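# A closer look at the structure
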Amino acid sequence: MTIRVQIRSLAHGGEGVGQQEDGLTWFVPGTLPGEVVEVETERRKARWARGRLVQVVEPGPDRVTPPCSLADRCGGCDWQHIAAARQAEHKRTIVADQLRALVADEGQVRLAPRVGSARGYRRRARMHYVREGETLELGFYATRSREVVDAPKCPVLRPELEQAFSRLRAIAHILPPRGEVLGLSDGQRTMLALPGVRPDDTTLEAAATLLDEQLVGVLLRGGRNQAHVGRAKLEIDGGDGLSSMWANPFTFAQANAPVNRALVKHVTAMARPDGLRVLELYAGAGNLSRALAKTARRVWTLDDDREAAGLLRDMASAQRLPINSKHGSAPNLLQRLADGDTRYEVVVVDPPRAGMGEAAAAALATVAERRVVYVSCDPATLARDLKPLVAGGLRLVDVTVFDMMPMTAQVEVVVTLARAGTS
């Protein structure tokens, strides 16, 4: 039996939120505000239910035909049903709703100017595979499933990255029955990384056959063994006075190069690091560090990924940037700093989806003397972490939303906080 639901808004995570006539709240993936839909019940509680979309009875003005033929199966892009030009505004509204207890009105949440395209933009991706004999099914997981949807073509991948993934099918015979492959592009050249593939003579020889002018490196890691053929890293995002970042597919890099460039410029402008002591936590391989270090007195960075911290250290040394890169736990460091007397004029944080945590955020409020710039990919954990920062004497002065990953519900938010009494 189907149930008719009026969709009124979008929830954190991108699902449509609506109500039945009896007042029950519904969460329905693949729906939009203003739509009337018919759904089948997947899960029901006393006050809410989750439904599967069966039919759109009255479509909303932003609904479009998905550009990918796999949209109804593949879980890689969950917002293909929304007009590309409207996706960023919907994300801004979701962020504003999550931060409603911290901002005076929704208008304080700004949308960064749109750059780049909604197609062919992803320069970093993780695909999964299932091998049967010499046949490889390679693609993304199906929606809410571990089933691999074979994706020979993907409209959001950069062409050179799509080509690199495709070449992997030629060496299916050396791969485990199941696994994943990570890819990274610098805009022209690509690298692949194969976790769970032991780098013996056979696998290294097979990987070497993949290399050409575009696919310039393959990294293999299995057990405690690791090796590579071709290049071991790429230099990405350099130019316009900005030092290149050193990365490989095993380390994190933002998936959208033009939007990332805009984000780095914004973070640097908000941090205002000129001549100041800057602490950067969850720094990764230095996406933000290299820009902050151009004018800061010095940038002290920390990340719990030892490989990323090493890449940043090597890059800073080669380019003579005033960066001190360390490996370690950000919450542990913040607590030690808060208990002591070491303070930093500016602190920049870019934590993973889980955020910093309330205790670490409270310690950060003590450590930061002037400003905090918080970069988040999860508005819900961001809202949780901002509360102890505000309680610790910092005030929100800017909230800017970046559509880093079009065709998905994922969003990047930069929040700037300043100490009361500072500009």
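Just so we're clear, the structure is a prediction, and the values are computed from it rather than from any experiment.

### Quick notes on the packing of aromatic side chains
Under the defined criterion, the tally for this structure stands at 2 aromatic pairs. Measuring from ring centre to ring centre gives 6.2 Å for F27 and W48, while their planes differ by 80°; the resulting arrangement is edge-to-face. One end of the pair, F27, is in strand β3 (residues 25–28); the other, W48, is in strand β5 (residues 48–58), and 21 residues separate them in sequence. Sitting over the face of the ring of W246, K233 holds its NZ or CZ atom 4.6 Å from the ring centroid. The ring of W300 carries R277 above its face, with NZ or CZ at 4.8 Å from the centroid.

### Overview of the sheet that holds strand β22 (residues 412–419)
Spatial strand order, β6-β21-β22-β20-β19-β16-β17-β18: 8 strands in an open sheet with mixed pairing. Looking at strand neighbours, the two that pair on one side only are β6 (109–111) and β18 (323–327), the edges of this open sheet. Here the average twist between neighbouring strands, direction ignored, is 15°. Its contacts with the sheet place helix α8 (residues 358–367) against β16 (277–281), β19 (344–349), β20 (368–376), β21 (394–402) and β22, and it is angled at close to 140° to β20.

### Topic: the pattern of salt bridges
Scanning all chains against the criterion turns up 23 salt bridges. Between E307 and R221 there is a salt bridge, and its shortest N-O distance comes to 2.7 Å. One end of the pair, E307, is in helix α6 (residues 306–318); the other, R221, is in strand β12 (residues 215–222), and 86 residues separate them in sequence. Within this structure, E89, R92 and E106 form a network of salt bridges that share partners.

### Some points on helix α4 (residues 257–271)
With 15 residues, α4 ought to run about 21 Å at 1.5 Å a step, and its terminal C-alpha atoms sit 21 Å apart, in line with that. Where α4 is concerned, the buried positions are V259, N260, L263, V264, H266, V267, T268 and A271. The secondary structure elements touched by the buried residues of α4 are β6, α5 (289–292), β19, β20, β21 and β22. Near the N-terminus of α4, the side chain that reaches the backbone nitrogen of V259, with its oxygen 3.3 Å away, is that of N256.

Conventions and cut-offs
Residues numbered from 1 in each chain as written. Predicted model: local features only at pLDDT ≥ 70, side-chain atom pairs only at ≥ 80, totals over all residues. Heavy atoms only, no water. Phe/Tyr/Trp six-rings, centres within 6.5 Å; stacked < 30°, edge-to-face > 60°. Helix = DSSP H or I, 4+ residues; strand = E, 2+ residues; numbered from the N terminus. Lys NZ or Arg CZ within 6 Å of the ring centre and 35° of its normal. Pairing = 2+ DSSP bridges. Axes fitted to C-alpha atoms, helices over the stretch in contact; angles between N-to-C directions. Contact = heavy atoms within 4.5 Å. Salt bridge = Lys/Arg side-chain N within 4 Å of Asp/Glu carboxyl O. Expected span 1.5 Å × (residues − 1). Buried < 20%, exposed > 50% of the residue type's maximum accessible area, 1.4 Å probe, protein only. Polar contact = N/O pair within 3.5 Å; in protein donor to acceptor, adjacent residues only side chain to side chain.

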